[in-house]
Amino acid sequence: MAETKNIEDIPHLLRREVEARLLKNLLPALEKAFGKEETHRVLGETIAQCAMEEGLTCAERFGGNSLEKLKNVIDRWRDGNALEITILQQDSRHLAFNVTRCAYAELYEHLGMRDLGTTLSCERDFAFIEGFNAGIRLTREHTLMEGHCCCDFRYDVKDPKNLQEP
């Protein structure tokens, strides 16, 4: 078995599973102590902050923050067949794809946490891209987690001056 040197070496889906299993046991106690609404508000804010930091770290780790580099990050998220993706458009200003199967959604369903899946996974995509490159806009109207036939990811470069390549 290969030696794990840091958290980035752990498959992305496994990282999300560890997080979800911890939260599944922790959330009821937090909800009891602070109320469900406040607990979920703080959880969402905290996950967004972590996702922004992860975006920044990925831009550094992958050597830039262009859409090409973002595609490399997304490929990492696919490790272990975690996502089935159909690329619709890919150039220096646009990256459009649909996710037609998502093991992340399947994981939250399996753990009985589907109601939190959007907070734990889907919403972090917007904060992630803000940290990765605030000059790239993500639009998404549908997710598998919400019962749609696909997740429709559309990334567009708002300001090409924000792209950093080595």
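To be clear, the structure that these remarks concern was listed above.
Residues numbered from 1 in each chain as written. Predicted model: local features only at pLDDT ≥ 70, side-chain atom pairs only at ≥ 80, totals over all residues. Heavy atoms only, no water.

Caption draft 1: Molecular detail of the environment of isoleucine 47. Among the secondary structure elements, isoleucine 47 is positioned in helix α2 (residues 36-61). What makes isoleucine 47 buried here is its relative accessible area of 8%. Sequence separation of isoleucine 47 and serine 121 is 74 residues, and the distance between their C-alpha atoms is 8.8 Å. The contact partners of isoleucine 47, leaving out residues within four places of it in the chain, are Thr119, Leu120 and Arg124. (Helix = DSSP H or I, 4+ residues; strand = E, 2+ residues; numbered from the N terminus. Buried < 20%, exposed > 50% of the residue type's maximum accessible area, 1.4 Å probe, protein only. Contact = heavy atoms within 4.5 Å.)

Caption draft 2: Region of interest: the nonpolar core. Of all hydrophobic cores here, the largest spans 42 residues; its most connected members are Leu70, Val99 and Tyr155. In contact with valine 99, other than residues within four places in its own chain, are Leu83, Glu84, Ile85, Leu144, Cys149, Cys150, Cys151 and Phe153. (Core = buried A, V, L, I, M, F, W, Y, C linked by side-chain atoms within 4.5 Å.)

Caption draft 3: Structural view of the pattern of salt bridges. One pass over the structure, following the stated rule, counts 15 salt bridges. The closest approach of N and O atoms between arginine 101 and glutamate 106, which form a salt bridge, is 3.2 Å. Residues glutamate 109 and arginine 114 are paired through a salt bridge, measuring 3.0 Å at the closest nitrogen-oxygen approach. The exposure class assigned to glutamate 109 is partly exposed, which follows from its relative accessible area of 44%. Three or more residues joined by partner-sharing salt bridges are found here, namely Arg15, Arg16, Glu19, Glu54 and Arg124. (Salt bridge = Lys/Arg side-chain N within 4 Å of Asp/Glu carboxyl O.)

Caption draft 4: Representation of helix α4 (residues 103-110). Residues Ala103, Tyr104, Ala105, Leu107 and Tyr108 constitute the buried set of α4. Looking at the buried residues of α4, the elements they touch are α1 (12-34), α3 (67-77), β1 (83-90), β2 (94-102) and α5 (114-122). Phi turns positive, to about 70 degrees, at glycine 112, one or two residues after α4.

Caption draft 5: How the structure looks around the sheet that holds strand β4 (residues 151-157). Across the sheet, which stays open at both edges, the four strands sit in the order β1-β2-β4-β3 with antiparallel pairing between neighbours. The sheet is open, and its two borders are formed by β1 and β3 (136-139), each paired with just one other strand. Neighbouring strand axes in the sheet, compared pairwise and without regard to direction, differ in orientation by 20 degrees on average. Inspection of the sheet shows β1 paired to β2 by seven bridges, in the antiparallel sense. Counted as the bridge partner of threonine 86 is asparagine 98 from β2. Most of the contacts of α3 go to β2, to which it runs at about 10 degrees, and overall it touches β1, β2, β3 and β4. (Pairing = 2+ DSSP bridges. Axes fitted to C-alpha atoms, helices over the stretch in contact; angles between N-to-C directions.)

Caption draft 6: Just the side chain of histidine 12, in detail. Among the secondary structure elements, histidine 12 is positioned in helix α1. Residue class for histidine 12 comes out buried when judged on its relative accessible area of 7%. Here the side chain of histidine 12 touches glutamate 54 through a polar contact of 3.3 Å, side chain to side chain. When near neighbours in sequence (up to four residues on either side) are disregarded, histidine 12 contacts Glu54, Arg76, Trp77 and Tyr104. (Polar contact = N/O pair within 3.5 Å; in protein donor to acceptor, adjacent residues only side chain to side chain.)

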